[in-house]
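Descriptive structure summary
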Amino acid sequence: MSATPPRPAAFAGLLLALLCLLISLPLQALELDPLREGFPQADRLEPADSQWPVSRVMAGDETLGYAFESVEMAPIPAYSGKPVNLLVGIDLEGRIVQADVIGHEEPIMLVGIPEEKLEGFADDHVGAHVNDRMKVGGNLDAISGATVTVIVVSDTVMRAARLVAAEQGLIADPSATPAATVREDVFEAADWSTLTGDGTIRRLHLTHGEVDDSFVGTPAEDYMHTPQPAERTFIELFYTYLNPPTAGRNLLGDTGYEQLMERLDEGEHAIAVMGRGDYSFKGSGYVRGGIFDRIELSQNGNTVSFHDRDHIRLGNLGIEGAPPFDERDIFIIRDAAAFDPGQPWQLELLVRRASGPLDTEFSRFSADYRVPEAYIERPEPPKEVPIWVEVWKDKAFQIAVLAAGLLVLTGIMLFQDVLVKHPRILRPLRLGFLVYTLVFIGWYSLAQLSVVNILTFTNALITDFSWGSFLIDPMMFILWSFVAVSLLLWGRGVFCGWLCPFGALQDLVNKAARRLGVRQFEPPFGLHERLWALKYIILLGLFAVSLHSLGTAERYAEVEPFKTAITLRFQREWGFLLYALVLVAISAVNHKFYCRYVCPLGAGLAIPARLRLFDWLKRHRGDCGTPCQICANECEVAAIHPDGRINANECHYCLDCQITYHDDKRCPPMIKRRKRFEKASRLSRGQGGVGTHDPASARLQRIPTYQEE
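Keep in mind that this is a model prediction, so the values were computed, not measured. (Residues numbered from 1 in each chain as written. Predicted model: local features only at pLDDT ≥ 70, side-chain atom pairs only at ≥ 80, totals over all residues. Heavy atoms only, no water.)

Some words on unusual backbone geometry
Despite not being glycine, A338 has its phi angle at roughly 55°, a positive value. Secondary-structure assignment places A338 in the loop between β13 (327–333) and β14 (345–354). Judged by relative accessible area, A338 falls into the exposed class, the value being 60%. The backbone phi angle of A638 is positive, close to 55°, even though this residue is not glycine. Here A638 lies in the loop between α24 (630–634) and α25 (656–661). We classify A638 as buried; its relative accessible area is 11%. (Helix = DSSP H or I, 4+ residues; strand = E, 2+ residues; numbered from the N terminus. Buried < 20%, exposed > 50% of the residue type's maximum accessible area, 1.4 Å probe, protein only.)

And the structure:
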């Protein structure tokens, strides 16, 4: 008999099984070994009963706690727009025993801040309870330059830990709706028929036939049982919730109700049970054992048993029309039961019948109850507050100062035609604003805009856009919103000349160098114009790389010295530090060298700025540039062409040219106008000789000027 050749499918199945076995072994080690830090005694992991991939950490038969990756239950977008993933462990008391960063794409951490600092920040959560309020800058030390990242990391750890702890029963569910409260101001006098009619008082009626049917098929069906007529009442039970005044005051009377409410502690409730018939809902067991074994209350799967200390005898009823009862009693629901009057509950009646000399059988009858809506007030269900809301509240002071600064800048832009005529006001104002931008916006608030923001925003539009990732840093969001509006109104110059901290640093260094007499170097205009293209080439290169890998583009974005000079305040490795210092040093001899030729952010802003609505920078047609070159020579960023045109893509809106435009001592067209005005003034007064020109008092005639369309 010839052997059957092996089938290819069998070989493939065997190889697949071996591959799965080889993969599963190291994966189990990878899952357990990193947890030794928080659970040194752990010997294995077991899947927990959870909606998320949560592992139960075991040591023999003992459960030590739970471990999980935060990205599954708390995927909070960080600065990069993507969540930071952490390995988190909690013990059975709800305390965090481990928090390790296992994955992120934060640009500030990829290049700039050592990874150990973020790891150390995550470790600071060890020992905290999941219900603790961890606050960056309070009980947690912030990481300079990575404020948004650490806020997200902290919120991710605590939120994920709380969710798992609540799910596993270690803490109360923070997302559960708070219990309803009784409206003590709602009362309406009513009789028995009214309260039974509107559902305030409920009724359970059982006949002997119904009870006998419940024991059919059990040993107690015929054992020592004397049958009664099926229609005969076994028990008629009335019950109600006494805390609402409409129920309690009408049933007990004012005095009885007030005495009952005084007896109840905070969080306790009372029900009244009244019955008649052949069966007692109290029985006699409570006399011997102190517990009522015939009635129970249940709500949402929780059962409340009543003891003798929970029992109050109810005397005569104070309500009109009530029938006579054999038993009338009040039972107190203690605070530990977590009773919610806003949720339905059931009164359980247990009927016991002998099934042998020593054996008994039980049959349970349930009566539903729901408190009328008019008697209770339901609180709003808890809403998870977005992390950016908390951040905005914490940074209220910074937001207020930034808003004030932007309001001042808006006023400068709107009233520039007035301010440029008063250079003694405008120049100190601009100098002070540059200091404000560098110190407050830059070094204090760390709100330096970057080309990384543009790349991240573009990537978010392509992938999964979320406002939350942009709102999480209020300073950056407000600045970008203002810049977006200013781009449409005036172009890129408002940001580059007034709001960029590194630009302000270069501007202040250059002003100091000029004051010290440092000689300035300006390339020929032809070369200068060609160098403008360099920053656009850098921008396009970064954008192309970001389409492939945003993380790689963020690394190449180190062409910006912003992170070194502003975000990290020159506290960085020597290579980055040397690069930033060289650029600052060059700015001492060439005004804003980096901004003019290298800055990809400026290039990114210049492109949409071509859609600007207003062109408020004035020029004298026929005079500016041909032949006058005063403004072109004095423009510190050389944004004025030799023919007098202002290149709005390169203008930093310093307004120096506008000061010269209105200066009738330096601007040739204005000098001519002043002389013509003085001459007309002398002729009108019939005077000869040389007169003086006072623009404020002279009102004889207006000599028009010409501006570009």
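Structure shown, so let's carry the discussion forward.
Here's the deal with the sheet that holds β14
If you trace the four strands from one edge of the open sheet to the other, you get β11-β10-β14-β15, paired in antiparallel fashion. The open sheet has two edge strands with one neighbour each: β11 (302–307) and β15 (360–369). Averaged over neighbouring strand pairs, the angle between their axes works out to 30° when direction is ignored. Here five bridges tie strand β10 (residues 291–299) to β11, and the two strands are oriented antiparallel to one another. Bridge pairing in β11 links I291 to H307. (Pairing = 2+ DSSP bridges. Axes fitted to C-alpha atoms, helices over the stretch in contact; angles between N-to-C directions.)

Examining the sheet that holds strand β8 (residues 233–241)
Strand order in the open sheet formed by five strands is β7-β8-β9-β13-β12, and the pairing between neighbours is antiparallel. What marks the edges here is a single partner per strand, and that holds for β7 (201–207) and β12 (311–313). Put simply, the sheet's adjacent strands are angled 25° from each other on average, direction ignored. Across seven bridges, the pairing between β8 and strand β9 (residues 269–277) is antiparallel. Following the sheet pairing, T240 is matched in β9 by A272.

A few points about the packing of aromatic side chains
Under the defined criterion, the tally for this structure stands at 24 aromatic pairs. Ring centres of W192 and F325 lie 5.8 Å apart, and the angle between their planes is 50°; this geometry places the pair in the tilted category. Separated by 133 residues along the polypeptide, W192 in helix α5 (residues 192–197) and F325 in the loop between β12 and β13 bring together distant segments of the chain. The residues W192 and F325 share a single accessibility class, namely buried. (Phe/Tyr/Trp six-rings, centres within 6.5 Å; stacked < 30°, edge-to-face > 60°.)

In short, geometric facts, not functional conclusions.
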